[in-house]
Structures are given as C-alpha cells and as structure tokens.
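Spelled out, the chains give:
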Amino acid sequence: MSPRRRVLLVGVLALLAGFLLPNVLKWLLGLLWWRIQRFCGVATIGAVCEPARPFVPLLPLLTELAVLAAGGVAVWAAARWCLRPVGDLAGPIANLGPQNLGYRIRRGGRDELARLSRAIDDMMDRVTAGYEGQRRFAANASHELRTPLAVQRTLIEVGMAQSLTAEQLDLLTAQLLATNERNERLIEGLLALSESDQGLRSSTPQRLDEIVATVLAVYADRAAEVGVTVESQLTPRLVPGERVLLERLVTNLVENAIKYNRPGGRLTVTVGGNPALTVVNTGQAVPGEAVAGLFEPFRRLARDRTNQGGGAGLGLAIARSITQAHGGIIAARPGEDGGLRVDVQLPALT
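On a predicted model such as this, the values are computed, not experimentally measured, just so you know.

(A) Up close: the overall build of the protein. Scanning the protein for helices and strands turns up ten helices and seven strands. Of all intrachain contacts in the protein linking residues separated by at least 6 positions in sequence, the fraction that spans at least 24 positions is 70%. Of the accessible surface of the protein, which amounts to about 21600 Å², a share of 60% is contributed by carbon and sulfur atoms.

(B) Main features of the confidence of the model for the protein. Per-chain confidence: the protein averages 76 in pLDDT, with 68% of residues scoring 70 or above. Within the model, the stretch residues 44-48 combines pLDDT values under 50 with two contacts to residues more than four positions away or in other chains. Of the regions scoring below 50 in pLDDT, residues 303-308 engages in eleven contacts with residues more than four places distant in sequence or in other chains.

(C) Representation of the environment of isoleucine 329. Here isoleucine 329 shows up in strand S6 (residues 329-334). Using a relative accessible area of 54% as the deciding quantity, one classes isoleucine 329 as exposed. For the pair formed by isoleucine 329 and aspartate 343, sequence separation is 14 residues and the distance between their alpha carbons is 8.2 Å.

(D) Up close: the sheet that holds strand S4 (residues 266-271). The strand order across the open sheet built from five strands is S2-S4-S5-S7-S6, with neighbouring strands paired in mixed fashion. Each having just a single partner strand, strand S2 (229-234) and S6 make up the two edges of the open sheet. Averaged over all neighbouring strand pairs, the angle between strand axes comes to 10 degrees, with direction disregarded. Of the strand pairs in this sheet, S2 and S4 are connected by six bridges, and their pairing is parallel. When the bridges of S4 are listed, threonine 229 appears paired with arginine 266. Lying over the sheet, helix H9 (residues 243-259) contacts S4, strand S5 (277-281), S6 and strand S7 (340-345), oriented at roughly 15 degrees with respect to S5.

(E) Looking closely at the nonpolar core. Formed by 38 residues in total, the largest nonpolar core has its most connected members in Leu208, Leu253 and Leu277. Elements with a minimum of two residues in this core: helix H7 (208-218), H9, S4, S5, helix H10 (315-325) and S7. Among the nonpolar cores identified, the runner-up in size contains seven residues, and Leu101, Leu113, Ile120 and Met124 belong to it.

(F) View of the pairing of S5. Across the five residues that make up S5, a large majority, four, are buried. Hairpin connection, S4 to S5: the antiparallel pair is bridged by five residues. Where S5 meets S7, four bridges bridge the pair, whose relative direction is antiparallel. Residue pairing across strands places valine 280 opposite arginine 341, the latter belonging to S7.

(G) Structural context of the environment of alanine 257. Mapped onto the secondary structure, alanine 257 falls in helix H9. In sequence terms alanine 257 and valine 279 are 22 residues apart; their C-alpha atoms lie 7.5 Å from each other. Sequence-distant contacts of alanine 257, that is, excluding residues within four places in its chain, are made with Leu267, Val279 and Asn281.

(H) Inspection of H9 at higher detail. With 17 residues, H9 extends 24 Å from end C-alpha to end C-alpha; this agrees with the ideal 24 Å at 1.5 Å per step. Every buried residue belonging to H9 is among Leu245, Leu246, Leu249, Val250, Thr251, Asn252, Leu253, Val254, Asn256, Ala257 and Ile258, and all of these are buried.

(I) Structural context of the pairing of S4. Sheet analysis places S4 next to S5, joined by five bridges and oriented antiparallel. Residue pairing across strands places threonine 270 opposite threonine 278, the latter belonging to S5.

(J) View of the packing of H7 against H9. The interhelical angle for the contact between H7 and H9, taken along N-to-C directions, is 50 degrees, at an axis separation of 9 Å. The pairing of H7 with H9 is recorded here as oblique in orientation. Crossing of H7 against H9: the hand is right-handed. Within the contact between the two elements, H7 uses Leu208, Ile211, Val212, Thr214, Val215 and Leu216 and H9 uses Arg243, Leu246, Glu247, Val250, Thr251 and Val254. Its residues assigned to classes, the contact of H7 with H9 comprises eight nonpolar, two polar and two charged.

Each value, and the rule that gives it
- Residues numbered from 1 in each chain as written.
- Predicted model: local features only at pLDDT ≥ 70, side-chain atom pairs only at ≥ 80, totals over all residues.
- Heavy atoms only, no water.
- Helix = DSSP H or I, 4+ residues; strand = E, 2+ residues; numbered from the N terminus.
- Contact = heavy atoms within 4.5 Å.
- Areas by Shrake-Rupley, 256 points an atom, 1.4 Å probe, with all protein chains shown as cover.
- pLDDT = per-residue confidence, 0-100.
- Buried < 20%, exposed > 50% of the residue type's maximum accessible area, 1.4 Å probe, protein only.
- Pairing = 2+ DSSP bridges.
- Axes fitted to C-alpha atoms, helices over the stretch in contact; angles between N-to-C directions.
- Core = buried A, V, L, I, M, F, W, Y, C linked by side-chain atoms within 4.5 Å.
- Expected span 1.5 Å × (residues − 1).
- Parallel < 35°, antiparallel > 145°, perpendicular 65-115°, else oblique.
- Left-handed = near helix turned anticlockwise from the far one by under 90°.
- Nonpolar A, V, L, I, M, F, W, Y, C, P; charged D, E, K, R; others polar.

Rendered as structure tokens:
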C-alpha cells in the first residue's frame, strides 16, 4: 500500500474514532456508574461498597487517561505503519556510493515513493556522469602532461648520448622550447578552466564590442600570416561580468577560428543583441554529431595527441565554463561553408 493510502486510511480511522469515541465513552461511563449505584443500592454488607465510593469520582479521569495512553500507542503504531515504506528505502539508498555508482533503486508504480525513487535514480545518473567526466578529465590531463614530458626526456637523452653539431643543437633546443611552450599552454588552460569553474569574483558592466575589437587587433597579424580574412560587425553591447574572463572567452573563440581555418578562409565575428557574440570560420567540415563533444576538455577532431599545433583541446571547454559563469549559453553548429559557427548568449544589462 502506498504512503498516501496509508495516511488516508489512518486519517479516516482517526475521524471515525474522534466522532464515535466520546459517545462510546459516555455510554460506557454511564453504564459503569449505573451498575455501581445498583450494586451499592442492593448490597447488604457495606464493607464491599463503602471503600469503593471515594474512587467513584475518579473513574472518568482514569478512563480518560487510559484512552489517552491507548491513543498515544495507536498514533505511534499508525505513524510507524505509514512511514514503513520510507524506511524500506533506507537500505537501497545506503547502497549508493562512489564504489557503486551503477546501483539503481528502480521502484515501480506511480505513488510518491516511486517518483522519489525515480528522482534519486535520475540524480545518480547525473552524479555518475559528472564523476566519470572528472575521471576522464584527470586521465586525459595526465596523458596530455605525460606526452610532452616524454618527448622532452627523449630529446635530452639524445642530446646527452652523443656529441651534437651546432645545427643539431639548435634543432634540439628549438624542439625542447616548443615542447615546453606546449606544457605552459596546457597548464595555463587548466588554471583558466579551474578559475572559470569557480564563478565570478565580481561583475561590472563591460563593453563586449570593445573587448572583441581589442582581441581582433591582437590576432590581426596571425590571421594575415595564415591567409585568413577577418570580418567584424560590432554593435555596442553592454554585458555584466569580468573583463579578464570575457577577454579569455573571445580570445579562445578567435584563436580556434584562426587555427582550424583554411588558407584563404574567412573569420566573421559579430556582436549584437541575441546572440551577443557569434564567431564563424571556414575550416574543415565538422560532423554534426561531433560538435557537442568539442566542448569537452581535451576533445579534438584530430586524435593525434602529439600534434604540437593542435593545442591542448581546452579552448572550447574554457569558453563554455566562462559563458556559464556569466549566466549565458554557448552553442555551436557546423558552418555553411565548413568550419564551425559558435553563438554565445549573455545576459543584457537592464
């Protein structure tokens, strides 16, 4: 029986008892008083009746106390009976834990406990997804850090194993420097992701169009070097947030749009109303089913982790974290001419 039916049943019984019990008590007390009076009236020996006369007025009080005690016991038993299904859930819930994230209650039915069980199962699904995401993140971060360190170690061992010419030494030094820069980018990305996940320390009005213009000016030479044409439509737009994080958001999107573009391609950046920011590039075709995964840390279309030009795979993950910290929404979809279109919705100042 469901908790609702148990409570309803107890409530109905309590109403019936509250309506009938006073009348029944009055009838019983009246009958008892009549029998005592009759007994004492016909008794020939006073020794039987006289000692009982002082206790006759206490009979109603004693009866009420007895009824109160019986009612308390009945209420306690009824409460335990009504809450027993809830107590039965304690055992299955106690089985949930980090070492048993796959356990589910899976209670059938449509009552309150069934809905509670399904809610707990859904919560555990989300917790499991988050936990597994953290495990994958730690594993990927370890792999990303281990790969360049292994390259560095190999280069150092090669340099120590034999005498190098000046040209070979320059090449070895350049490779070590590039590997070290990749480590710095990775660590910097991890720190930025951690800071953005902690939320905003302060929020002040920021001109998004001015931030975008500043970032585009910084990357103008890099875009020209790879033959990417930059187009911008910047409408004045105020958003609440932190300037440093917003600059990092725009920087990551612009840098990715240039890095994963094609020679002679195009980068279009728009600041407007809704979405607040749009970044579109013309790179290689992106499968629609792979777009959502690009926002996960260390996720790239290219699987080669040793590619020094591919970055650490944290750009869009950091952009998503910064957008969420500002109360916004970031979404992406394949571009019409290849590449990716990223839309960022941010709250407007009212």
